[in-house]
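Next come the chains, spelled out residue by residue.
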Amino acid sequence: MMPLLHRYVLRRFISCYILSAAGLIGIFLIVDFFERVDEFIRRDMPYSDLISYFVCKIPSIASYMAPQAVLLATVITLAVLARDNEIIAMKASGIGIVGITLPILGASLMIALLVLANSEYLSPIATKKMNYIFKVKVQGNQPYGDTYILEDFSAKQLWFIAKDTAVWNIGQFDPKEMIIRDAKIFYRFDNGSIQKRIDVKEVVWSGAHWEFFDGFQRTFEQEGHSSTEYFEKKIFPVLETPDDILKNMISYSDEISLRELYKEIKEMTLEGKDTLKHRVDFHQKISYPFISIVLALLAIPLSLRSSRHGGVLFCVGINLSVGFLFSFLYAMGVSLGNGGFFSPIFAAWGPLLLFASFGFYLLLTLDSEYVIPRLRL
């Protein structure tokens, strides 16, 4: 009887999930269509590009909307079963809540794994093509490596650590002309004191190396003595290319996969660069799909409790409120992680563990008359 019951509940849940996901994706696409269509028409773009743009956007939207779709599907499935007294009939047959809802949790886990695979393999490729259509074909920006240079794109007051551990301070970098203006480069001894400093008004990329114009080089001895050399043009051994500098200017996008992001973190760590935001993003990319399981775990007891006091709409309202609260705390945790207040692991996984624990608590105390049972002293 149990396999038959599992198939019945699973079929109900999958049909609700498909309808919920399709509805959420459709709403998202409609809103984005009215925001973007004017630019496609103004540029006289062919309909094939317009269709391709929105088709390529579906994988990223599906990943983003998957937890919300799981929440809605769980609420609707259980609320309808409770309304038709099927939950009572199942419990009267000796089947517990865990046995009834196990297919929902199993399906939520499979959806989370599919979303994780989509984010790793399909979504980065589709997003890259989508960005190329909109940023290059529609907006007319020029592709440069893995990003796109806007018309007025330039960096000002940029600090970064180079591959040779030198500290760069750039007044302005023009990626179109490949020119650095008002740069300062600091080389350090092992104890952290300055060994050499280069001040230059302009650094130009020749295609193979950087050419330094109108500057001076100051060399310091550990005893405190220094010497200064002025130059009009000079070539210094610099490992950085314009593409490397551009990576320090632009934050990585959804075009990058987890493997590429992990590789970038390792490279930046070896170069002595700050990887905090990259590590937070790495853990966020992994944790986000598993929000589906947490929301399903929360929706099961909340739906069964609220169904005693109202209909389907009441259940949906209660669960959406909890879902919004979770989304707020999750976004706040990620923001605090980027700010260095939380570790990357805690920032991305902390809200999931907190709400999963709360969901287990509600599930284990489902037969109580109160949402939080009264303690007997």
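Residues numbered from 1 in each chain as written. Predicted model: local features only at pLDDT ≥ 70, side-chain atom pairs only at ≥ 80, totals over all residues. Heavy atoms only, no water.

Chemist: What should I look at first to understand the overall build of the protein in this one?
Modeler: Counting its regular elements, the protein contains 10 helices and 8 strands. For the protein, with 377 residues in total, the buried portion stands at 45%. Sequence separation of 24 or more characterises 61% of the internal contacts of the protein that already satisfy a separation of 6 or more. With an accessible surface of roughly 20800 Å², the protein has 62% of that area assigned to carbon and sulfur atoms. (Helix = DSSP H or I, 4+ residues; strand = E, 2+ residues; numbered from the N terminus. Buried < 20%, exposed > 50% of the residue type's maximum accessible area, 1.4 Å probe, protein only. Contact = heavy atoms within 4.5 Å. Areas by Shrake-Rupley, 256 points an atom, 1.4 Å probe, with all protein chains shown as cover.)

Chemist: Before we go on, may I ask you to explain unusual backbone geometry in this structure?
Modeler: Keep in mind that most residues, glycine aside, have a negative phi and that most peptide bonds are trans. With phi around 55°, Asp182 is a residue other than glycine that occupies positive phi space. Asp182 sits in the partly exposed class, given a relative accessible area of 47%. Even without being a glycine, Asp214 presents a positive backbone phi close to 55°. Within the secondary structure, Asp214 sits in strand E7 (residues 210–220).

Chemist: Can you help me understand helix H6 (residues 258–270) in this one?
Modeler: For the α-helix, the turn length of 3.6 residues means that residues three or four positions removed from each other point alike. Taking 1.5 Å as the rise per residue, H6 with 13 residues should run 18 Å; its terminal C-alpha atoms sit 18 Å apart, in good agreement. Those residues of H6 that fall on the buried side of the exposure criterion are Leu258, Leu261, Glu264, Ile265 and Met268. Each buried residue of H6 lies within a common arc of 120° when the element is viewed along its axis, so the set occupies one face. Facing away from the buried side of H6 by over 90 degrees, the exposed positions are Arg259, Lys263 and Leu270. (Expected span 1.5 Å × (residues − 1). Arc of directions from axis to C-beta.)

Chemist: Honestly, a nonpolar patch on the surface in this entry has me stumped. Any pointers?
Modeler: A contiguous nonpolar surface patch, about 230 Å² in accessible area, is contributed by Leu10, Ile14 and Ile18. Here Ile18 lies in helix H1 (residues 2–42). (Patch = residues over 30% accessible without salt bridge, like charges linked within 9 Å, V, L, I, M, F, W, Y side chains within 5 Å. Salt bridge = Lys/Arg side-chain N within 4 Å of Asp/Glu carboxyl O.)

Chemist: Looking at this structure, how should I read the packing of aromatic side chains?
Modeler: Two measures describe an aromatic ring pair: the distance that separates the ring centres and the angle between the ring planes. All told, the structure shown has 18 aromatic pairs when counted by the stated rule. Here a set of aromatic residues connected by ring pairs shows up, and it is made of Phe33, Phe34, Phe40, Tyr53, Phe54 and Phe134. If you follow Arg36 out to its NZ or CZ, it ends over the ring of Phe134, 4.3 Å from the centre. Here the basic side chain of Lys196 rests over the ring of Tyr187, its NZ or CZ set 4.7 Å away from the ring centre. (Phe/Tyr/Trp six-rings, centres within 6.5 Å; stacked < 30°, edge-to-face > 60°. Lys NZ or Arg CZ within 6 Å of the ring centre and 35° of its normal.)

Chemist: Looking at this structure, I do not really get the environment of Ser343. What am I missing?
Modeler: Structurally, Ser343 is set in the loop between helix H9 (312–338) and helix H10 (344–364). Along the backbone, Ser343 and Gly333 are 10 residues apart, and their C-alpha atoms lie at a distance of 9.7 Å.

Chemist: What exactly am I supposed to notice about the nonpolar core here?
Modeler: The nonpolar side chains of soluble globular proteins are, as a tendency, buried together. Judged by nonpolar contacts, the single largest core of 69 residues is most densely connected at Tyr17, Phe40 and Phe326. Elements represented by at least two residues in this core include exactly H1, helix H2 (47–83), helix H3 (86–92), helix H4 (97–138), helix H7 (276–287), helix H8 (291–306), H9 and H10. When residues of this core are assigned to their parent elements, the largest contribution, 17 residues, is made by H2. With residues up to four places along the chain from it excluded, the contact list for Phe40 reads Met45, Asp49, Leu50, Tyr53, Ile133, Phe134 and Val138. Within the second largest apolar cluster, 22 residues are counted, among which are Ala162, Val200, Val203 and Phe231. (Core = buried A, V, L, I, M, F, W, Y, C linked by side-chain atoms within 4.5 Å.)

Chemist: Is there a simple way to think about the confidence of the model for the protein in this case?
Modeler: For any part of a model where pLDDT is low, the fine detail of the predicted coordinates should not be relied upon. In this model, the protein carries an average pLDDT of 83, and 86% of its residues clear a pLDDT of 70 or more. Predicted confidence for residues 373–377 stays below pLDDT 50, and this span has 3 contacts to residues more than four positions away or in other chains. (pLDDT = per-residue confidence, 0-100.)

Chemist: Could you clarify how one ought to interpret the pairing of strand E5 (residues 179–188) in this entry?
Modeler: Pairing of strand E4 (residues 167–174) with E5, which is carried by 7 bridges, proceeds in the antiparallel orientation. Across the sheet, Phe173 pairs through a bridge with Ile180, a residue of E5. Linking E4 to E5, which pair antiparallel, is a turn of 4 residues; within it Met178 sits at a positive phi near 55°. Bridge analysis of E5 against strand E6 (residues 194–205) gives 9 bridges, and the strand direction is antiparallel. What sits directly across from Ile179, in E6, is Val204. As consecutive antiparallel partners, E5 and E6 are separated by 5 residues, and within that stretch Gly192 has a phi angle of approximately 100°, a positive value. (Pairing = 2+ DSSP bridges.)

Chemist: Is there a simple way to think about the packing of H8 against H10 in this case?
Modeler: Packed helices, taken two at a time, are described by the angle between their axes plus the distance between the axes. Two numbers describe how H8 lies on H10: the axes approach to 9 Å, and their chain directions differ by 30°. By the angle class used here, H8 and H10 are roughly parallel. In the crossing of H8 with H10, the sense of the turn from one axis to the other is left-handed. Taken together, the residues of H10 that come into contact with H8 (itself represented by Ile291, Val294, Leu297, Leu298, Ile300, Pro301, Leu302 and Arg305) are Leu352, Phe355, Ala356, Phe358, Gly359, Phe360, Leu362 and Leu363. Residue composition of the contact of H8 with H10, grouped by class: 14 nonpolar, 1 polar and 1 charged. (Axes fitted to C-alpha atoms, helices over the stretch in contact; angles between N-to-C directions. Parallel < 35°, antiparallel > 145°, perpendicular 65-115°, else oblique. Left-handed = near helix turned anticlockwise from the far one by under 90°. Nonpolar A, V, L, I, M, F, W, Y, C, P; charged D, E, K, R; others polar.)

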